[in-house]
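What follows is the residue order along each chain.
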Amino acid sequence: MSTATDGYYIPHEAKWPIVGSIGLFTTFWGLASWFNGSGLGQFTFFVGMAIMVFMLFGWFSTVVGESQNGTYNGQVDTSFRMCMSWFIFSEVMFFGAFFGALFYVRNYSGPWLGGEGAGGADVTNAVLWSSYDYVWPTDGPADIGGGFQSMGWFGLPLVNTLLLLFSGLTCTIAHHAIKDGDREKMVRWLGATVALGLIFTGVQAYEYYHAYHALDLKLSSGIYGSTFFMLTGFHGFHVCMGAIMLAVVMFRGMKGHFTAENHFAFEAAAWYWHFVDVVWLGLFVFVYIF
Amino acid sequence: MRFGIIRWMLIGLIATVLPSVGLAEWGNVNMPKGVTEISREVHGLHMTIFYICCIIGVLVFGVMFYSIFKHRKSQGVRAAEFHESTTVEILWTVVPLVILIAMAIPAARVLIKMEDFTGSEMSIKVTGYQWRWQYEYLDEGISFYSQLDPEHNAARQKDSDVDLTQFDNYLKEVDKPLVVPVGKKIRFLHTSADVIHSWWVPAFSVKKDANPGFINENWALIEEPGVYRGKCTELCGRDHGFMPVVVHALPQEEYDQWVSEQQDLMAENASQTDRQWTKEELIAQGEKVYGASCLGCHQAEGQGIPGMFPAIAGSQVATGNIETHIETVMLGVPDTPMDGYASKLDDIDLAAVITYQRNAFGNNLGDTVQPYQMKSLRQGLNQSRAVVLDQFDITRGVN
Amino acid sequence: MSYADTNEDVHHGDHDHHGPAPGLMRWVTTTNHKDIGTLYLWFSLIMFFIGGAMALVIRAELWMPGIQIVDPMFFNAMTTMHAIVMIFGVVMPAFVGLANWMIPMMLGAPDMALPRLNNWSFWIMPFAFTIMLSTLFMDSGGPAGGWTLYPPLSLQMGDSFAFVIFAIHFLGISSVMGSINIVATIFNMRAPGMKLMQMPMFVWTWLITAFLLIATIPVFAGAVTMLLTDRFFETSFFSAAGGGDPVMYQHIFWFFGHPEVYILILPAFGIISHIIPTFSRKQLFGYDSMVYATASIAFLSFIVWAHHMFTTGMPLAAELFFMFSTMMISVPTGVKVFNWVATMWRGSMTFETPMLFAIGFVIMFTIGGLSGLMLAITPADIQYHDTYFVVAHFHYVLVPGAIYSIMASVYFWIPKWTGNMYDEKLGKIHFWVSTIFVNVLFFPMHFVGLAGMPRRIPDYSLQFADWNMIASIGAFGFGFSQLMFVYIIIKCVRGGEKATGQVWEGARGLEWTIDSPAPYHTFEDSPIITSDTVTR
Ligand code: HEA
Ligand code: HEA
Ligand code: CUA
Ligand SMILES: [Cu+2]
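Residues numbered from 1 in each chain as written. Chains lettered and ligands numbered in written order. Predicted model: local features only at pLDDT ≥ 70, side-chain atom pairs only at ≥ 80, totals over all residues. Heavy atoms only, no water.

**Topic: the overall build of chain A**
Right, so step 1: Helix and strand content of chain A: eight helices and zero strands.
Right, so step 2: Along its sequence from the N terminus, chain A presents helices and strands in the succession α-α-α-α-α-α-α-α.
Right, so step 3: Projected onto its principal axes, the C-alpha positions of chain A cover 75 × 40 × 40 Å.
Right, so step 4: In chain A, which comprises 290 residues, the share counted as buried stands at 52%.
Right, so step 5: Of the contacts made within chain A by residues no fewer than 6 positions apart, 72% connect residues no fewer than 24 positions apart. (Helix = DSSP H or I, 4+ residues; strand = E, 2+ residues; numbered from the N terminus. Buried < 20%, exposed > 50% of the residue type's maximum accessible area, 1.4 Å probe, protein only. Contact = heavy atoms within 4.5 Å.)

**Structural notes on the sheet that holds strand β9 (residues 226–232) of chain B**
All names here are of chain B.
Right, so step 1: A sheet is described by the order of its strands in space; here five strands give the open sequence β4-β10-β9-β6-β7, paired in mixed fashion. One side of each edge strand has no neighbouring strand; the edge strands of this open sheet are β4 (178–181) and β7 (206–210). Neighbour-to-neighbour, the strand axes of this sheet turn through a mean angle of 25°, independent of strand direction.
Right, so step 2: Pairing geometry for β4 and strand β10 (residues 244–250), over four bridges, is parallel. Opposite leucine 178, over in β10, you have valine 247 as the bridge partner.
Right, so step 3: Each of β4 and β10 touches helix α5 (residues 252–274); the most contacted strand, β4, lies at about 135° to it. (Pairing = 2+ DSSP bridges. Axes fitted to C-alpha atoms, helices over the stretch in contact; angles between N-to-C directions.)

**Section: the coordination of the copper ion (ligand 4)**
Residue and element names in this part refer to chain C.
Right, so step 1: Within the protein, His258 (ND1), His307 (NE2) and His308 (NE2) serve as the donor atoms for the copper ion (ligand 4), at 1.8 to 2.1 Å.
Right, so step 2: Within one chain, the residues donating to the copper ion (ligand 4) are spaced in sequence as H-x48-H-H.
Right, so step 3: Distance-wise, the iron atom of ligand 1 is placed 4.6 Å from the copper ion (ligand 4). Here histidine 258, found in helix α7 (residues 246–263), pairs with histidine 307, found in the loop between α9 (287–301) and α10 (316–328); they are 49 residues apart in sequence, far enough to count as distant. (Donors = N, O, S within 2.8 Å, 3.2 Å for Na, K, Ca; no water.)

**What about the site of ligand 1?**
Right, so step 1: Among the 32 residues in the neighbourhood of ligand 1, the closest are listed as Trp147, Tyr262, Asp381, His385 and His393 of chain C.
Right, so step 2: The side chain of tryptophan 147 of chain C places a nitrogen or oxygen atom 2.8 Å from an oxygen atom of ligand 1.
Right, so step 3: Here arginine 455 of chain C contributes a side-chain N or O atom positioned 2.8 Å from an oxygen atom of ligand 1.
Right, so step 4: Contributing elements (two or more residues each) for the shell around ligand 1: α3 (86–114) of chain B together with α7, α11 (330–344), α12 (353–376) and α14 (388–418) of chain C.
Right, so step 5: For the shell around ligand 1, the element with the most residues is α12 of chain C, which contributes seven residues.
Right, so step 6: When the residues that make up the shell around ligand 1 are grouped by side-chain class, the tally is 19 nonpolar, eleven polar and two charged. (Near = heavy atom within 4 Å. Polar contact = N/O pair within 3.5 Å; in protein donor to acceptor, adjacent residues only side chain to side chain. Nonpolar A, V, L, I, M, F, W, Y, C, P; charged D, E, K, R; others polar.)

**Some details on the domain arrangement of chain A**
Residues and elements named next belong to chain A.
Right, so step 1: What the domain assignment reports for chain A is domain 1 (1–72) and domain 2 (74–289).
Right, so step 2: For domain 1 and domain 2, the distance between their C-alpha centres works out to 26 Å.
Right, so step 3: Each side of the interface is counted separately: domain 1 has eight residues, and domain 2 has eight residues.
Right, so step 4: Where domain 1 meets domain 2, there are one residue pair in polar contact (both at pLDDT 80 or more).
Right, so step 5: By residue class, the composition of the side of domain 1 that touches domain 2 is six nonpolar, two polar and no charged. (Domains from an automatic or database assignment.)

**Side note on the confidence of the model for chain B**
All names here are of chain B.
Right, so step 1: Confidence in the prediction of chain B, expressed as mean pLDDT, is 84, and 88% of residues score 70 or more.
Right, so step 2: Within chain B, the element-level pLDDT minimum falls on helix α1 (residues 2–23), averaging 54, and the maximum on strand β6 (residues 197–201), averaging 96.
Right, so step 3: The ipTM value of the predicted complex is 0.90, and its pTM value is 0.90. (pLDDT = per-residue confidence, 0-100.)

**Quick word on the interface of chain A and chain B**
Right, so step 1: Listed as interface residues are ten residues of chain A and, on the opposing side, twelve residues of chain B.
Right, so step 2: Of all residues in chain A, Val123, Leu128 and Trp129 of chain A give up the largest surface area on contact with chain B, accounting jointly for 47% of the area buried on that side.
Right, so step 3: Counting across the interface, chain A meets chain B through zero salt bridges.
Right, so step 4: At the boundary of chain A with chain B, the tally comes to two residue pairs in polar contact (both at pLDDT 80 or more). (Buried area = accessible area lost by both parts, 1.4 Å probe. Salt bridge = Lys/Arg side-chain N within 4 Å of Asp/Glu carboxyl O.)

**Notes on the pairing of strand β1 (residues 122–129) of chain B**
Residues and elements named next belong to chain B.
Right, so step 1: Burial of β1 is extensive: eight of the eight residues sit out of reach of the surface.
Right, so step 2: Residue alternation in β1 divides its side chains into two sets, Met122, Ile124, Val126 and Gly128 and Ser123, Lys125, Thr127 and Tyr129, and both sets are buried.
Right, so step 3: In terms of strand pairing, β1 meets strand β2 (residues 132–137) through six bridges, oriented antiparallel. Across the sheet, residue lysine 125 finds its bridge partner in β2, namely glutamate 136.

**Focus on the sheet that holds strand β3 (residues 142–146) of chain B**
Backbone hydrogen bonds are what pair the strands of a sheet, in a parallel or an antiparallel way.
Right, so step 1: Across the sheet, five strands lie side by side as β3-β2-β1-β5-β8 (chain B); this open sheet has mixed pairing. The two strands at the open ends of the sheet, each matched to only one other strand, are β3 and β8 (216–221) of chain B. Taking each pair of neighbouring strands and ignoring which way they run, the sheet shows an average axis angle of 25°.
Right, so step 2: Pairing between β1 of chain B and strand β5 (residues 185–192) of chain B: seven bridges, direction parallel. Its bridge partner lying in β5 of chain B, threonine 127 of chain B is registered against threonine 191 of chain B.
Right, so step 3: Contacts from helix α4 (residues 121–128) of chain A reach β1, β5 and β8 of chain B within the one sheet, and its direction differs from that of β5 of chain B by about 65°.

Have a look at this one:
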């Protein structure tokens, strides 16, 4: 660290957290009321989101300012790194719940409804769902949502996979650039990464449109629709978050932040991006191909 | 001095616990022995592990109390220095492991036996509803509902002021018990029409969840005739505590006789559905149904509970258009506790309770609806139902 | 003692050695680990009375057969909310509060690794519980499907449904951020030279607990998110008609839920591992095996979840697997119990209030653990499941378990926090009265459970009447004796005999090398730890 003072920096009087709590409270309260059909709830939700954006902006500005002033030493930097990596681990577990649901249905409860398995599966099928044969993809024995076509892996999903893989590559090039101290190159390649992320999101949005209108594949299309949209949607949400992070880092790079030694924010965003990337590979394999 | 306090406290503890033990008989504090081979083995297993746990407890606490009494500063003891010993640590890892293995082997044996569903001689489908059971004898074609006895149901209402001690089996009596033969391996098929329930008869060691849309198997071979009582043991909403199970186990001949009576009754019922009922008959029948099924929410005088359950007395639905009334009762109101009763009540009871609601509590409209009308309505319903019913009413849409 | 090891050569920046900001804003904006610890502890104490008051509503209704006081729906809401408040609003915040207060001091660190985040983790709690508790006042009533929120029943909840789900998400954010902070503090903020195997047991147990939290809370969040979409967006995760399975929710829930119950007990193990050596004046027996046992419990806790689901109709092989793995947990837990007993063995014991609570913990936790072992035996669990036997089991591990450990640690550390000794005589009376009543409260539940009384019912058959009345007497006795606890704490905060830095004769570790009350900022200059510095 070039300009760091010694000693672990302990900030005093943090005012952003309470703003964040109020923001989250407003957001959640609004969202819940909105779900219950209240128009006021919708309004409250957006107010809450505005507070959250304000808070994040303020909080991060403070931290960025401190970082630029050289307030942090190497140990603080390590704390940030740990924080980010454990946060990503928690996200992995969050996805784990949805992947778990997918595996459970496909390997256990689905076949059970179709009559395979010991101790009651045969009667379950014979007595309750006698006309049902289990084959994935399925919308369940009651044909919830009516007929639909599943999403193949060839075509747009494959394109998206390549896009994301390629964005991982551009992100890494940007990383090498900043490590060499070439900030401009970093900004250029980061720009490419963000652009790829946005294209990915666009393609995904088009895919959803296609699913709803051409394939009749909806959130309500039984368990296939549920898992498909939950996993890809949750992932898409993370792509957006990651792209925003990268964009922020890019703008900071343009403002002259980051040095060859000190660019943790870049790394955090890059880790996140790679994590999103890896999750997509899991999705591509288990949601699309198999 | 300190020792004195501890001793007095221990005596106090014993003095509070002992008399309370005296209050009840032994049978009220332990798992009862059942009437099937499995349940006796489970009971044996329970006692074995219980005694093992007691012995472990006595040993561990014994050593600890010895230490507490001997190794105190007030006795002038100076603390020893040791703080590890690989030998004892290995010992107290291995010994418990051995004890556990000794417990696991008989446990696994009993479990494997319990899960052996082969060779059953008859099948009964048990369906849970909020809050009653439906029993369907798959081979005999008998089917009926079983729910909390109406007298108990009235007594358990808040502020009912009924003397509960008049009942021998408060909350463990039903209007129509399940009847089964002894000496036969009976297969139970558990499922549910709404939320998860769990069918438990302690005397058989049978407890299985009733999951909507799935069937779980279970079995019992009852050895002694008698009346066996149990409960729903999975939280299933407001009246989860009021969903008893009563099983009458009869010798084979008596059981056969019961079966033929039931079959006659079913036939009789079918013809009853097709005949014209008088208003008085319907109201009389409807009062019973109301008491058993609706009173819990809509209350004895049809006054409801303001803010929670609407009144039937003067209700717009119950005094308005009869189609709306029928639809409300048959299909329920989505996203409210008001469930659809089309699959819970038969045609006669549906017609009766609707007629009753329209003529009781001062709603004297004077109109009636006939059981056979319900029958034809129901057929029309089956097609549109899947659409109307909200998502968690799943199985009802198909059967 | 070890303070002599402080390296005078460490350079330090110009810390402004100012104390806390004045007024209310001090508490709102504080980043000080001690302030935040205090906030957590008071919050938890308040919630204890709220959750306890709900328990008293339950016990009052169960005082005798028949329904006297509340509607069954409200009864179920009380059961549900009681559990949510006690678990997420009392035990977890109390442990986080203790972690905040003690971990930096035990590690010789100036504060937590991420002080601002720490403030946020706390200040989420009151807001999240405002949402959670407000559902009780909504027209549709609070959540009434049990704290496990099994669908389809939980989907029948009225308007409060979405609020409950989001409150859970909200609380989850707090827990995960708090845990990340603790992990970062432990890995990154140890005084120079302190090795992992030199860390105090409380720090070790919290490290593992934090890992459990980070790994399982998001899974719980995923489960309730699926509930949310099933309810509002027509997905079919938990409905067979669409190809899902309601039992799948239970698998996901318990994948979180079982580690969760160890989250509620591992820090307690840590606390007890400090108190027993202190008052035995003897080093903790088997430190290494304590660490390994804790880690084994945590590992096993991920592969035993379905022991809550033995009646749901799993395949035989799964039932056998979950029975065996669950039984295995008794081995490392046994190691811990034996180590505590061996620590006491040939010690030089005194029985101040913290020690009494610690001994009470060991005995009654073991009783609860042994009944847990009985529950693990699948064929027997078929009979025990969803009866009061289970209720007895988990209250033994939670109330004279987790709650006792929290009380023990308050008595143990309050001199360090306030600089005053608490009233020893009142403390002892508090212990004995609580211990008698807690057994009167929960022991009879074993009996009624075995005799066949299901849980989560507002009314019961006459045969259970006597024992329920006794349990209710115990509940009111235990509940009201906790007012003593509050009195003792307030009295101690206000004043009392001055405490020394060392406080207890047998106390070891860095936190005892500083003054009592602990200065607002401690260890701004890191002590240098050598292999013979006493850190544990
Ligand atoms: C702090 C919380 C806590 C802790 C520590 C435990 C510890 C254990 N629990 Fe418990 N449990 C709960 C909280 C906890 N539990 C809760 C809240 C529920 C109900 C949830 C709900 O449904 O709402 C529950 C329910 C529950 C069930 C489900 C019951 C049912 O619903 O049917 C089971 C079944 O296996 C179980 C088992 C165990 C076991 C084997 C342990 C073991 O860890 C115990 C190990 C300890 C010992 C065994 C004692 C000490 C050991 C020795 C002295 C060594 C010698 C011993 C031997 C050789 C055996 N628990
Ligand atoms: C850490 C967790 C924890 C703790 C500490 C407790 C503490 C207590 N619990 Fe709890 N309990 C659970 C966790 C816990 N419980 C869980 C997980 C369930 C399962 C829920 C479910 O089925 O979904 C449960 C369920 C449960 C039931 C079963 C309900 C049912 O199945 O229907 C009962 C019944 O007696 C009960 C009783 C008690 C009592 C009497 C206490 C006592 O220890 C409480 C002590 C009382 C006080 C501390 C009150 C003090 C109050 C005053 C003195 C009044 C003054 C008031 C004010 C000033 C506001 N609990
Ligand atoms: Cu049905 Cu509980
Ligand atoms: Cu468990």
